[in-house]
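Structural characterization, general
Here's the letter readout for the chains.
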Amino acid sequence: MKMFGQGEYGLTYAQIKWAMNQTFQNQSDYRNPLAFPLLAENLTGLPPVYIAAVALDPLKDESLALAHKLEEQGNEYYLTIW
């Protein structure tokens, strides 16, 4: 987000924050692991997960972190970085 969230390559931090505020109405939603799987302590037992990220994506680091967490917990996942 720090590297690519200024809008040079698409979305700005402000645009992402606006979209998030439209989706999540309560502050507690931002701590909900159903909305943000990186917050979940246990991701075992999920079906295979496909993660698509873009090289200049402001949220690419979160996508990579999710893939790492899924791998650590033995889940099948597919990560594509465009």
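In what follows, the structure referred to is the one given above.
Report on the accompanying structure.

Criteria and cut-off values
- Residues numbered from 1 in each chain as written.
- Predicted model: local features only at pLDDT ≥ 70, side-chain atom pairs only at ≥ 80, totals over all residues.
- Heavy atoms only, no water.
- Core = buried A, V, L, I, M, F, W, Y, C linked by side-chain atoms within 4.5 Å.
- Buried < 20%, exposed > 50% of the residue type's maximum accessible area, 1.4 Å probe, protein only.
- Helix = DSSP H or I, 4+ residues; strand = E, 2+ residues; numbered from the N terminus.
- Contact = heavy atoms within 4.5 Å.
- Phe/Tyr/Trp six-rings, centres within 6.5 Å; stacked < 30°, edge-to-face > 60°.
- Pairing = 2+ DSSP bridges.
- Right-handed = clockwise from strand over helix to strand, strands pointing away.

1. Re the nonpolar core
Within the largest apolar cluster, seven residues are counted, these being Ala40, Leu43, Val49, Ile51, Leu66, Ala67 and Leu70. If one sorts the elements of this core by residue count, helix H2 (residues 60-72) sits on top with three residues. Those residues within four positions of leucine 43 in sequence are excluded, and the remaining contacts are Pro37, Leu66, Lys69, Leu70, Gln73 and Asn75.

2. Comments concerning the packing of aromatic side chains
The full count for this structure, using the stated rule, is three aromatic pairs. Measuring from ring centre to ring centre gives 6.0 Å for tyrosine 30 and phenylalanine 36, while their planes differ by 25°; the resulting arrangement is stacked. You can call phenylalanine 36 partly exposed: its relative accessible area is 21%. Three or more aromatic residues link up through ring pairs in this structure, and these residues are Phe24, Tyr30 and Phe36.

3. Describing the pairing of strand E1 (residues 49-53)
Side chains Val49, Ile51 and Ala53 of E1 all project onto a buried face; the interleaved residues Tyr50 and Ala52 project onto a face where none is buried. As defined by bridge partners, E1 adjoins strand E2 (residues 77-81) across five bridges and the pair is classed as parallel. From the neighbouring strand, isoleucine 51 faces E2, where its bridge partner is leucine 79. Regarding the hand of the β-α-β motif, the stretch spanning E1, H2 and E2 is right-handed.

Remember, this is a structural readout, not a statement about activity or role.
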